[in-house]
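Observations on the three-dimensional arrangement
Here is what each chain is made of, one letter per residue.
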Amino acid sequence: MNIFLLTAAALLFAGCCKESFYAVSIAGNATGGVYESGRQVLQLPRASCIIRKNDTLYITQNAERKSEDKSGTIYAVNCKTMQILQSMKVNGITPCHAAVSPDGKFLYTANYSSGTVSEIPLVSGIPTAEPRMILHQGKGKDLRRQKTPHPHFVGFSPAGDQLFVCDLGTDEVWIYNYSYGKGIELPFVEKLKLARGAGPRHLCFAPDGKTIYVANELDSTATSFFNTADGWKMVKTISTRPKTPVAKKNFPGAIKISSCGKYFFVTNRGDDTIAMFKTFADGDFELIGNIDSAGQYPSDILLSKDEKVLQVINLKSGTAAGFKLNKAAGTLEAIPGTVSVPRGIGLCD
């Protein structure tokens, strides 16, 4: 794998993380773009999200602040050659998350600032036509952050038949049915309501698809919903923070779950920790504890394919760090050393 930096700490870190990973930097200068295992491989200022489908990377990019055209852009990039295959405007502002449909026919972006979701047709993995725009409506409790809708996450259910959208602005998870080869069906079929002012940011699914866990950015909580015979029911909401928080303000970011569904993890941006939770039947869960994220403002996390290592990228300190995951013991242990990814914000394998 590529070596992050020629330092003893980085070599030790790389030795513990045998599988490579991609990261994106949201920096607005030449350091912005795509990094493979800590080495910049594509210069792309203001890159905000990265996902992978087969051999194609999809990268969202925010518009320049002073630009008259505020629409963000999606890039399709060959992960072997790092050649840009196609770029296209998403016709939405601040595309902060993306997902590809299970059949590979559509790509979706959550456009935070415009309150929209873009549906972009794909042919052989390449964006081919203008997006169809899905507009959210509503507002929340927070007069500063929730005056309008703010979609922040798009993701498909394990069965692949529904698209879930976390809307931080409306305190809701919007659910759309997906028709293979045709796209999502309008209108939405259901909206899961969070506590007022919760600000749902991201979610993850239990492997069987019967439980979802939501990371709430504005009130520093995690919430579970369980799918019963009568539909989705909220089960539990608890804090993601340590018992004695170190920061005045905290904003949960990414949430990821282990393949066994026994544990999930949430980043705390402010406290600068990774919260580890243990799950139980029917949507119940508990906080095991928090571990220092080895940097400032942990914005994304990634489990290695063998799930022996959890990687975290810290935006404000510009560092990536690794943690040994012991699923048998339910523990995270920091791997010594960090590597540089300036203004790092997103990860994928």
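Please refer to the structure higher up on the page.
Notes on the structure follow. Every chain is numbered on its own, with residues counted from 1 as its sequence reads. In keeping with the model being predicted, local features are shown solely for residues with a pLDDT of at least 70 and side-chain atom pairs are shown and tallied solely at 80 or more, while totals for entire chains, interfaces and linings include all residues. Side-chain numbers come from the whole structure's heavy atoms, not from hydrogens or water.

1. Quick notes on the pairing of strand 20 (residues 221-228)
- Each residue's exposure class comes from its accessible area (1.4 Å probe, protein chains only) as a fraction of the maximum for that residue type: buried when under 20%, exposed when over 50%, partly exposed otherwise. Numbering of helices and strands runs from the N terminus, with a helix taken as a DSSP run of H or I at least four residues long and a strand as a DSSP run of E at least two residues long. In terms of residue burial, strand 20 counts as a mostly covered element, since 6 of its 8 residues are buried.
- Strand direction decides the pairing type here: strand 20 and strand 21 (residues 231-239), joined by 8 bridges, are antiparallel. Bridge assignment links F225 to a residue of strand 21, and that residue is M234. For two strands to pair, DSSP has to find at least two bridges joining them.

2. Quick look at the packing of aromatic side chains
- What counts as a ring pair is set by centres within 6.5 Å for rings of Phe, Tyr and Trp (its six-membered ring), and what kind of pair is set by the plane angle: stacked under 30 degrees, edge-to-face over 60, tilted for all other angles. Tallying each qualifying case throughout the model produces 13 aromatic pairs.
- For the ring pair F164 and W232, a centre distance of 6.0 Å and an interplane angle of 85° mean the geometry is edge-to-face. Of this pair, F164 sits in strand 14 (residues 162-167) while W232 sits in strand 21, placing them 68 residues apart in sequence.
- What makes W232 buried here is its relative accessible area of 11%.
- Among the aromatic residues, those joined into a cluster by ring pairs are F106, Y108, F156, Y178 and Y180.
- To sit over a ring, a charge needs its Lys NZ or Arg CZ within 6 Å of the ring centre and within 35 degrees of the ring normal. Here the guanidinium or amino end of K236 rests over the ring plane of F285, the centre of that ring lying 5.8 Å away.
- We note K316 situated over the ring of Y297; from NZ or CZ to the ring centre the distance is 4.5 Å.

3. Quick notes on the nonpolar core
- Note on terminology: a nonpolar core comprises buried Ala, Val, Leu, Ile, Met, Phe, Trp, Tyr and Cys residues joined through side-chain atoms within 4.5 Å. Counting residues in hydrophobic clusters, the biggest one holds 18 residues, and the most contacted among them are Y22, V34, I50, L57 and I59.
- Only strand 1 (22-25), strand 4 (47-53), strand 5 (56-61), strand 6 (71-78) and strand 30 (344-348) provide two or more residues apiece to this core.
- Each residue touching L57, except ones within four places of it in the same chain, is listed here: Y22, I50, I51, R52, Y75, A76, V77, C79, M82 and C348. Here, two residues are considered to be in contact whenever any of their heavy atoms come within 4.5 Å of each other.

4. Notes on unusual backbone geometry
- For the bond from L186 to P187, the omega torsion is 0°, close enough to zero to count as cis.
- A positive phi angle, close to 60°, is found at D282, a residue other than glycine.
- Inspection of the secondary structure assignment puts D282 in the loop between strand 24 (273-279) and strand 25 (285-292).
- Its relative accessible area of 52% is what places D282 among the exposed residues.
- One non-glycine residue, R343, lies in the positive phi region at around 55°.
- Relative to the assigned elements, R343 resides in the loop between strand 29 (331-340) and strand 30.
- For R343, a relative accessible area of 42% translates into the label partly exposed.

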